[in-house]
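# Examination of the molecular architecture
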Amino acid sequence: MHYSSLTPETAKKLKLLIERIEECHIPSSMLDESINVATWNIREFGKKSRSEDGIVFIAQILYQFDLIAITEVREDLSDFKRVLKYLGGDWKYVVSDWQNDGGGNYERTLFLYDQRMVHFTGLAAEAQPNRKKMGDEYISQQSWWRSPYMASFRAGSFDFIILALHARWGSNNGRLKELAGFSEWISSRWDDKSDVVIDDDLIVVGDFNTPRIGDKYYKALTEKSRLKMPRSLSTIKDTAVSAGNKRYDQILHRSTNNYSFSFSDHGGVIDFARDGLLEKLFPDVKPSKRTYELSDHLPMWIQIYTNNELQRLDSIIRNRSS
């Protein structure tokens, strides 16, 4: 982080945030051995310019990780580029286009990564619903308000695809259909062995508006897709600042090979709102406006081991010995 332009007042508040981050015990990542991956819905990021304090605090949180999926990024990237100036030149990003209507909410999805630890390997695409031929046209029977966005990365000996979605809010039935359709799409791409899959390892992240683990929304997301939750995230009950025990945000995964990556026992959320910290960070901002400076969602993170060379060799030995 580049601190040279901070005022003493901002520096004092930043210390409070850093102390809260340290309470999370986020382990250091190690080159070619492990990375820290996060997902964060940053509220209406870019719709209205944030204060300099807001930009600094967002940058400080993002700096803790090696790869972050950011949802609810708006069409104007000016504030995001202000964040990049604090992070420095080693940070790069891959970003989607936005949907120009109310359902799409003018939102983008963005993958931010530290290129010293993670390498972008070429795939960046919005997922498109499966289509059926109707007359002379190929038409989808599904509706995703905001297109899922995916990109391919490599860290250590681990190649993977990360796929992010900000699911719709509102109509229960519409939300269920969207999550079920997303789950079916994942199944159609990763379960059908006749399809070419760029990589077997898939990490699915984002704000799915799933209020509780195991409810009908969570089941719609995970049953057909066969997505699994890392053990270290299973006890987290709340990822929202003020909604109260709502597990809207997820980090899930699936793998179709025998030498998959593995998660460490480290994962959690950075709770920047607990014990009145949000008020201390923005004492001059109206309470109703503070989450527009930081967010109404908490960043969720997990550590992934990226050295799977021994597992790959064991797989080769087993296959050739049988």
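Let me begin by describing the structure that accompanies this report. The structure presented is a predicted model; accordingly, all values stated were derived computationally and were not measured.

What counts and what doesn't
- Residues numbered from 1 in each chain as written.
- Predicted model: local features only at pLDDT ≥ 70, side-chain atom pairs only at ≥ 80, totals over all residues.
- Heavy atoms only, no water.
- Helix = DSSP H or I, 4+ residues; strand = E, 2+ residues; numbered from the N terminus.
- Rg over C-alpha atoms; globule rule 2.2 N^0.38 Å.
- Buried < 20%, exposed > 50% of the residue type's maximum accessible area, 1.4 Å probe, protein only.
- Areas by Shrake-Rupley, 256 points an atom, 1.4 Å probe, with all protein chains shown as cover.
- Core = buried A, V, L, I, M, F, W, Y, C linked by side-chain atoms within 4.5 Å.
- Contact = heavy atoms within 4.5 Å.
- Phe/Tyr/Trp six-rings, centres within 6.5 Å; stacked < 30°, edge-to-face > 60°.
- 1 Å grid on protein atoms, 1.4 Å probe; cavity = no way out; pocket = protein on both sides within 12 Å on 5 of 7 lines; lining within 4 Å.
- Points joined across faces, edges and corners; volume = space filled by probe spheres on them.
- Nonpolar A, V, L, I, M, F, W, Y, C, P; charged D, E, K, R; others polar.
- Arc of directions from axis to C-beta.
- Axes fitted to C-alpha atoms, helices over the stretch in contact; angles between N-to-C directions.
- Parallel < 35°, antiparallel > 145°, perpendicular 65-115°, else oblique.
- Left-handed = near helix turned anticlockwise from the far one by under 90°.
- Pairing = 2+ DSSP bridges.

When helices and strands are tallied, the chain shows seven helices and 13 strands. A compact globule built from 322 residues would reach a C-alpha radius of gyration of about 20 Å, and the chain, at 20 Å, matches this within 12%. Relative to its 322 residues, the chain shows a buried fraction of 51%. Taken as a whole, the chain presents about 15300 Å² of accessible surface, with 47% of it coming from carbon and sulfur.

It is worth spelling out the nonpolar core at this point. Among the nonpolar cores identified, the biggest contains 88 residues, and Leu112, Ile162 and Leu294 are the most heavily contacted of them. Beyond its immediate stretch of four places on either side in the chain, Leu294 contacts Trp40, Ile42, Arg43, Arg50, Gly54, Phe57, Ile58, Ile61, Phe272, Leu278, Leu281 and Phe282.

Time to look at the packing of aromatic side chains. Counted according to the given criterion, the structure contains 15 aromatic pairs. Centroid distance Trp144 to Phe182: 6.2 Å. Interplanar angle 80 degrees. Geometry classified as edge-to-face. Here Trp144, found in the loop between strand E7 (137-140) and strand E8 (149-155), pairs with Phe182, found in helix H4 (residues 172-190); they are 38 residues apart in sequence, far enough to count as distant. Across the pair, exposure class does not vary: Trp144 and Phe182 are buried alike.

A volume near 410 Å³ is recorded for the largest pocket. Along the walls of the largest pocket sit 24 residues, with Glu72, Trp169, Asn209, Asp296 and His297 positioned nearest its centre. Sort the elements by how many residues they give to the lining of the largest pocket and strand E1 (residues 34-45) lands first, with three residues. Its residues assigned to classes, the lining of the largest pocket comprises eight nonpolar, nine polar and seven charged.

What follows covers helix H3 (residues 78-87). Those residues of H3 lying buried are Asp79, Phe80, Val83, Leu84, Tyr86 and Leu87. Buried residues along H3 cover an arc of 160 degrees about the axis, so they all sit on one side. Once H3 finishes, Gly88 follows within two positions and takes phi at roughly 105 degrees, a positive value.

This part covers unusual backbone geometry. The phi torsion at His25 lies on the positive side, around 55 degrees, for a residue other than glycine. Judged by relative accessible area, which is 61%, His25 ranks as exposed. With phi around 70 degrees, Asp32 is a residue other than glycine that occupies positive phi space. Looking at the element boundaries, Asp32 is found in the loop between helix H1 (8-22) and E1.

Here the focus is the packing of H1 against helix H2 (residues 52-62). Here H1 crosses H2 at 30 degrees, and the two axes come no closer than 11 Å. On the basis of their axis angle, the class for H1 and H2 is roughly parallel. As H1 runs across H2, the sense of the crossing is right-handed. Across the interface between the two elements, Thr10, Lys13, Leu14, Leu17, Ile18 and Ile21 of H1 pack against Asp53, Val56, Phe57, Gln60 and Ile61 of H2. Residues of the contact of H1 with H2, tallied by class, amount to seven nonpolar, two polar and two charged.

A separate point is the sheet that holds strand E2 (residues 67-74). The six strands lie next to each other as E3-E4-E2-E1-E13-E12, forming an open sheet whose pairing is mixed. The sheet is open, and its two edges are formed by strand E3 (91-95) and strand E12 (262-269), each paired on a single side. Strand-to-strand twist across the sheet, computed as the mean angle between neighbouring axes with direction ignored, equals 20 degrees. Pairing geometry for E1 and E2, over six bridges, is parallel. Each bridged residue has a counterpart across the sheet, and for Val37 the counterpart in E2 is Leu67. Across the face of the sheet, H2 comes into contact with E1, E2, E3 and strand E4 (107-114) while running at roughly 155 degrees to E1. Those strands touched by H3 are E1, E3 and E4, and its axis lies near 155 degrees from that of E3.

This paragraph deals with the side chain of Ser34. Tracing the backbone through its elements, the reader meets Ser34 in strand E1. Ser34 sits in the buried class, given a relative accessible area of 5%. Ignoring any residue separated from it by four or fewer positions in sequence, one finds Ser34 in contact with Ser28, Ser29, Met117, Gln303, Ile304, Tyr305 and Thr306.

Honestly, that's just the spatial picture; any functional story needs more than this.
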